[in-house]
Amino acid sequence: MGRVSAARMETFLVVSRTGSIRRAASQLHVTEAAVSAAVAHIEKQLGAKLIAKSGRGITLTESGRVYADYCRGILGLMQEAHAAVRRAESGRLRIGVVATAGEYVLLRPLAAFRNRYPEIELSLSIHPRDALFLELQHHETDLVIAGRPPRDAGLITRARRASRLVVVGPAGRACDPMRTTWLLRGRGSGTREATLNLLAQLEIDPPTLTLGSHGAVLAAAREGLGVTLIHGDAVGEHLDSGALRILPVDGTPLDRPWHAITTRTPSPTTRLFLTHLLDRDQVGADAFHPT
């Protein structure tokens, strides 16, 4: 069996993500014929059909889905290998965070790191927890700040920072958490999962309203649309201003520390950032603690 180049793998991944030869060609700035030829070459080398027509687009076959998963891991490892041989102080660091951590936990430590090591190429992406862990498993991200990773994911928690989940509602209004609407984050959110587990523990089935973003949940709670379970890190200013108040609910607050998570082989730059994240002299009260 012949080799498949990294460029062809990347082309196939774009096809798999877009579900269209035409859109993949547009994104890659090449012709549709070139994209079709790349996919056909891979199928010939593998002796397997990877895509099939589906309406006006294409869909992956089962073999195509398996191959796309391997391509993500292979290309991620190649990028990780390039980063591993660069000097830590001039390397690249890709951090993935859930929305709450991105807004309220990481920005100050990240700014201090940027000032300390200005030559490092930094990128920050915000996604739901499940998507972040998948990216980390495929070596598409170097470090994730989120809740606890799945036990069978092969990921390592390097440091933690204490945090609690509290139930909040609008200040100045009567509000019974056992009967009122509960505001939920979208699917894939760890806070959503914790909320549903709490409702089951309380043996209640209240109305729920799913909102797409962290900011929308907070705004809805302030306007009296319901109550929500949320990280205490995210509501300090709203409690201080009197817009929200913490509601006493059995089983809360919940200890849900933030986790700094990597693969088993973090790059030198990733290790440098972890050292910074643990340095209270540099990071202050936002510092994490080693596991």
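Bear in mind that the values here come from a model prediction, so they are computed numbers and not experimental data.

What counts and what doesn't
Residues numbered from 1 in each chain as written. Predicted model: local features only at pLDDT ≥ 70, side-chain atom pairs only at ≥ 80, totals over all residues. Heavy atoms only, no water. Helix = DSSP H or I, 4+ residues; strand = E, 2+ residues; numbered from the N terminus. Contact = heavy atoms within 4.5 Å. Areas by Shrake-Rupley, 256 points an atom, 1.4 Å probe, with all protein chains shown as cover. Lys, Arg positive; Asp, Glu negative; His and termini not counted. Charge placed at Lys NZ, Arg CZ, Asp CG, Glu CD. Salt bridge = Lys/Arg side-chain N within 4 Å of Asp/Glu carboxyl O. Buried < 20%, exposed > 50% of the residue type's maximum accessible area, 1.4 Å probe, protein only. Axes fitted to C-alpha atoms, helices over the stretch in contact; angles between N-to-C directions. Parallel < 35°, antiparallel > 145°, perpendicular 65-115°, else oblique. Left-handed = near helix turned anticlockwise from the far one by under 90°. Nonpolar A, V, L, I, M, F, W, Y, C, P; charged D, E, K, R; others polar. Polar contact = N/O pair within 3.5 Å; in protein donor to acceptor, adjacent residues only side chain to side chain. Patch = residues over 30% accessible without salt bridge, like charges linked within 9 Å, V, L, I, M, F, W, Y side chains within 5 Å. Pairing = 2+ DSSP bridges. Phe/Tyr/Trp six-rings, centres within 6.5 Å; stacked < 30°, edge-to-face > 60°.

### Observations regarding the overall build of the protein chain
Argument step 1. Of regular secondary structure, the protein chain possesses 12 helices and 14 strands.
Argument step 2. Once the C-alpha set of the protein chain is aligned to its principal axes, its extents read approximately 65 × 50 × 35 Å.
Argument step 3. Relative to all contacts within the protein chain whose residues are 6 or more apart in sequence, the contacts with residues 24 or more apart total 74%.
Argument step 4. Element-wise, carbon and sulfur atoms account for 50% of the exposed surface of the protein chain, whose accessible area totals about 15000 Å².
Argument step 5. Distance between charge centres in the protein chain, computed from 36 positive and 28 negative side chains, equals 5 Å.

### A few points about the pattern of salt bridges
Argument step 1. Tallied over the full model, the rule gives 13 salt bridges.
Argument step 2. A salt bridge links Arg 17 to Glu 10, with the nearest nitrogen and oxygen atoms 3.4 Å apart.
Argument step 3. Classification of Glu 10 as partly exposed rests on a relative accessible area of 32%.
Argument step 4. Two residues, Asp 176 and Arg 179, come together in a salt bridge whose shortest N-O distance is 2.5 Å.
Argument step 5. One connected set of salt bridges, linked through shared partners, spans Arg 108, Arg 161, Asp 233 and Asp 286.

### Regarding the packing of helix α6 (residues 107–116) against helix α11 (residues 268–277)
Argument step 1. One way to put it is that α6 packs onto α11 with a least axis distance of 10 Å and a crossing angle of 120°. Here α6 is positioned oblique relative to α11, judged by the angle of their axes. In this structure, α6 crosses over α11, and the sense of that crossing is right-handed. Contacts between α6 and α11 involve Pro 109, Leu 110, Ala 112, Phe 113 and Arg 116 from the former and Leu 272, Phe 273, His 276 and Leu 277 from the latter.
Argument step 2. When grouped by side-chain class, the residues that make up the contact of α6 with α11 number 7 nonpolar, 1 polar and 1 charged.

### Quick notes on the side chain of Thr 252
Argument step 1. Mapped onto the fold, Thr 252 is located in the loop between β11 (244–246) and β12 (254–255).
Argument step 2. A polar contact of 2.6 Å, which involves the side chain of Thr 252, links it to the backbone oxygen of Val 249.
Argument step 3. With residues near it in sequence (within four places) discarded, Thr 252 still touches Leu 165, Val 167, Leu 198, Leu 229 and Leu 247.

### Points about a nonpolar patch on the surface
Argument step 1. A contiguous nonpolar patch, built from Val 66, Tyr 70, Ile 74 and Met 78 and spanning about 370 Å² of accessible area, is present on the exposed surface.
Argument step 2. You can see Ile 74 is positioned in helix α4 (residues 62–84).
Argument step 3. For Ile 74, a relative accessible area of 36% puts it in the partly exposed group.

### Remarks on the packing of helix α2 (residues 21–28) against helix α3 (residues 32–46)
Argument step 1. Running from amino to carboxyl end, α2 crosses α3 at an angle of 110°, the nearest separation of the two axes being 8 Å. Between α2 and α3, the crossing angle belongs to the class labelled roughly perpendicular. Each of Ile 21, Arg 22, Ala 24, Ala 25 and Leu 28 in α2 lies in contact with α3, whose residues at this interface are Glu 32, Val 35 and Ser 36.
Argument step 2. A class-by-class count of the residues in the contact of α2 with α3 yields 5 nonpolar, 1 polar and 2 charged.

### Brief notes about the sheet that holds strand β5 (residues 143–146)
Argument step 1. Spatial ordering of the open sheet is given by β4-β3-β5-β13-β6-β14, a layout of 6 strands whose pairing is mixed. Looking at strand neighbours, the two that pair on one side only are β4 (121–126) and β14 (289–290), the edges of this open sheet.
Argument step 2. The sheet contact formed by strand β6 (residues 156–161) and β14 spans 2 bridges and is antiparallel. Considered in β14, the bridge of Ala 159 is made with Pro 290.

### Concerning the packing of aromatic side chains
Argument step 1. The full count for this structure, using the stated rule, is 3 aromatic pairs.
Argument step 2. Geometrically, the ring pair formed by Phe 12 and Tyr 67 is tilted, given 5.6 Å between the ring centres and 55° between the ring planes. Of this pair, Phe 12 sits in helix α1 (residues 6–18) while Tyr 67 is found in helix α4, placing the two residues 55 residues apart along the sequence.
Argument step 3. Judged by its relative accessible area of 0%, Phe 12 is buried.
Argument step 4. With a relative accessible area of 14%, Tyr 67 lands in the buried category.
Argument step 5. For the ring pair Phe 113 and Phe 273, a centre distance of 4.9 Å and an interplane angle of 90° mean the geometry is edge-to-face. Taken as a pair, Phe 113 in helix α6 and Phe 273 in helix α11 lie far apart in primary sequence, 160 residues in all.
Argument step 6. Judged by its relative accessible area of 0%, Phe 113 falls in the buried class.

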